[in-house]
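Summary of structural features
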Amino acid sequence: MTLRAVDEHRIHQIFEVGVWLKGAHALIECIGGALLYVVTTATIASWVNAFTQDELIEDPNDFIAGYLSQVAGHFSVASKEFYAFYLLSHGLIKLFLVVGLLRGKLWSYPASLMALGAFMIYQVYRYSYTHSAGLLVLTVFDAVVMVLIWHEWKVVRQHRPV
């Protein structure tokens, strides 16, 4: 095996790991979205209060616990429905694309690049409002996966008979 073949094999392995991680993330989004559809806002508020109660008793000025409690208290049905729809649709789209990528379907490479690009644009837009470090980490991970998908797509097209 040549050095180039070893490099390509290693890149392919990294590609597969990245795609499996995207699939796991998509599955978590689907589960979270489905749960949001069935759980009431009152239940969410009571879970958050139970989770933060001890911390707020210990330190009433705890920033994170106070923030979570405040957000849960103002979490509307409309917000819950939006997040449920967003998570479920986002997760299902990514699961569909992950299956296509893992099966080596040619259509899935450009479709995945377009979908991840669109998701990244939305994540950057949301970051401009939330300044969430998690969104930045997710966007960087998506960019790395996009580079791997692009590379894998080039390799797959070179080795497919026309």
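Refer to the structure presented above.
Report follows, based on the coordinates.

Definitions and cut-offs
- Residues numbered from 1 in each chain as written.
- Predicted model: local features only at pLDDT ≥ 70, side-chain atom pairs only at ≥ 80, totals over all residues.
- Heavy atoms only, no water.
- Helix = DSSP H or I, 4+ residues; strand = E, 2+ residues; numbered from the N terminus.
- Buried < 20%, exposed > 50% of the residue type's maximum accessible area, 1.4 Å probe, protein only.
- Contact = heavy atoms within 4.5 Å.
- Phe/Tyr/Trp six-rings, centres within 6.5 Å; stacked < 30°, edge-to-face > 60°.
- Lys NZ or Arg CZ within 6 Å of the ring centre and 35° of its normal.
- Salt bridge = Lys/Arg side-chain N within 4 Å of Asp/Glu carboxyl O.

1. Looking at the environment of L68
Structurally, L68 can be placed in helix α3 (residues 63–73). Judged by relative accessible area, which is 33%, L68 ranks as partly exposed. For the pair L68 and V48, spaced 20 residues apart in sequence, the C-alpha separation works out to 6.9 Å. In this structure, L68 is in contact with V48, F51 and T52, ignoring residues within four places of it in sequence.

2. A short note on the packing of aromatic side chains
All chains considered together, the criterion is met by 8 aromatic pairs. The interplanar angle of 20° and the centroid separation of 6.1 Å between the aromatic rings of F82 and Y86 together place this pair among those described as stacked. Separated by 4 residues within a single helix, F82 and Y86 lie in helix α4 (residues 77–102), roughly one turn from each other. Residue class for F82 comes out partly exposed when judged on its relative accessible area of 39%. Residue classification places Y86 among the partly exposed residues on the basis of a relative accessible area of 22%. Here Y86 and Y122 contribute two aromatic rings whose centre-to-centre distance is 5.5 Å and whose plane-to-plane angle is 40°, an arrangement assigned as tilted. Residue Y86 is located in helix α4, and its partner Y122 is located in helix α5 (residues 108–130); the two are separated by 36 residues in the primary sequence. For Y122, a relative accessible area of 28% translates into the label partly exposed. In this structure an aromatic cluster arises from ring pairing among F82, Y83, Y86, Y122, Y125 and Y129. Its end group placed over the ring of W153, R157 keeps NZ or CZ at 4.2 Å from the ring centre.

3. Details of the pattern of salt bridges
Going through the model one piece at a time under the given rule, you end up with 3 salt bridges. Here D142 makes a salt bridge to K22, at a shortest N to O gap of 2.3 Å. You can see D142 sitting in helix α6 (residues 133–159) and its partner K22 sitting in helix α1 (residues 3–38), a full 120 residues away along the chain. Take D142 and K22: they sit in the same class, and that class is buried. Between E81 and K80 there is a salt bridge whose closest N-O contact spans 3.6 Å.

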